[in-house]
Every structure is written in structure tokens, then in C-alpha cells.
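A structural walkthrough
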Amino acid sequence: MLDESDLEMNVLEFRQRSFQLDRLVEHAGSELAVFSRTETESESQFRPRLVHLRVIVPRAWVVYDEPNDILLLSRDGTTVPLRLTESVTEVGADPTEFTEQGIEWRRAPGPGGLLVYAPEELAKELLAGDVLPGLVGP
């Protein structure tokens, strides 16, 4: 498992975007890593708004891809997954359920207008209205 400084110094590549470590949190006896990103909703809109994204994943799933100097996600915590190049779409145009790096994901709205991604197998628990604010913070 990567130490906290490795998580802080490197970016996570997820959905063809770069995410920074926001925090580590304990939940139900396991440690989760919360990564964040803020981007502009759409440059084509007259008044684009900022979109705040969070990725919640078990810390043990984060792996370092040394040749590419990025963090990726792997359920076993050791195997660096293949990186597929896809075109980047606006977050609103992305499906709410998808597969990324061999893991099934779900995206849901969070507190304060956040959009939060969680692994499908943990989504029901992590994206619950009473649990989510404690994980993603203010």
C-alpha cells in the first residue's frame, strides 16, 4: 500500500482526468482515499459553472504506475491496470454507471452540488445520504 506522501505527491488518473488527494478517511473499519478535482462545466455555455468531483476508493486499491508517474486503481492493489485512451466528455454527458480500470463505478450527486464516484460494490453504502457528507467533507 502506498504511503500518504506518495498519494499526496502524485495525481490519480480517472476518466481521463487528473485528481488530487483530498483526504484519507476511516469508514466501517477500512481506510478510504478521497480524490478531488474542480473543472468548468462547459466552455461553450454563456456562464459556465464550476463542477466539483470526488472519487472515493479503498486506499489499498491505489497503485503507482511508475513509468507514467501517475496513480491508477486496481482492485487487488498491486497490478497496474492497462490505460485505455478515450475521448474526454463533459461530466454531465458521462453515464452514471460505467467501467473504469476494470472496476464498475457509479456517479451520484453529493452535498453542495458535488458529483461523487464510488466503486459499484461499495456505492450503496458510501453514497448514502447520511454517510456521504462525512466522507467528502465540506
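Heads up: these notes are all about the structure in this document. (Residues numbered from 1 in each chain as written. Predicted model: local features only at pLDDT ≥ 70, side-chain atom pairs only at ≥ 80, totals over all residues. Heavy atoms only, no water.)

What follows is about the pairing of strand S7 (residues 97-100). Alternating residues of S7 divide into Phe98 and Glu100, all buried, and Glu97 and Thr99, none buried. As paired strands, S7 and strand S8 (residues 103-109) are joined by four bridges and run antiparallel to one another. Across the sheet, glutamate 100 pairs through a bridge with isoleucine 103, a residue of S8. Linking S7 to S8, which pair antiparallel, is a turn of two residues; within it glutamine 101 sits at a positive phi near 55°. (Buried < 20%, exposed > 50% of the residue type's maximum accessible area, 1.4 Å probe, protein only. Helix = DSSP H or I, 4+ residues; strand = E, 2+ residues; numbered from the N terminus. Pairing = 2+ DSSP bridges.)

Right, let's get into the environment of valine 34. Structurally, valine 34 is set in strand S3 (residues 30-40). Sequence separation between valine 34 and valine 116 is 82 residues, and the spatial gap between their C-alpha atoms is 9.7 Å. Excluding anything up to four places from it in sequence, valine 34 contacts Gln20, Leu21, Asp22, Arg23, Val25, Arg54, Val55, Ile56 and Leu135. (Contact = heavy atoms within 4.5 Å.)

Let's shift gears to unusual backbone geometry. Generally, phi is negative for residues other than glycine and the peptide bonds are trans, each holding for most cases. At aspartate 69, a position not held by glycine, the phi torsion is positive, near 55°. When you line up the elements, aspartate 69 lands in the loop between strand S5 (62-65) and strand S6 (70-73). On the basis of relative accessible area, aspartate 69 is assigned to the partly exposed category, the value being 45%. With phi around 55°, glutamine 101 is a residue other than glycine that occupies positive phi space. In this structure, glutamine 101 sits in the loop between S7 and S8. According to the relative accessible area criterion, glutamine 101 is buried, its value standing at 17%.

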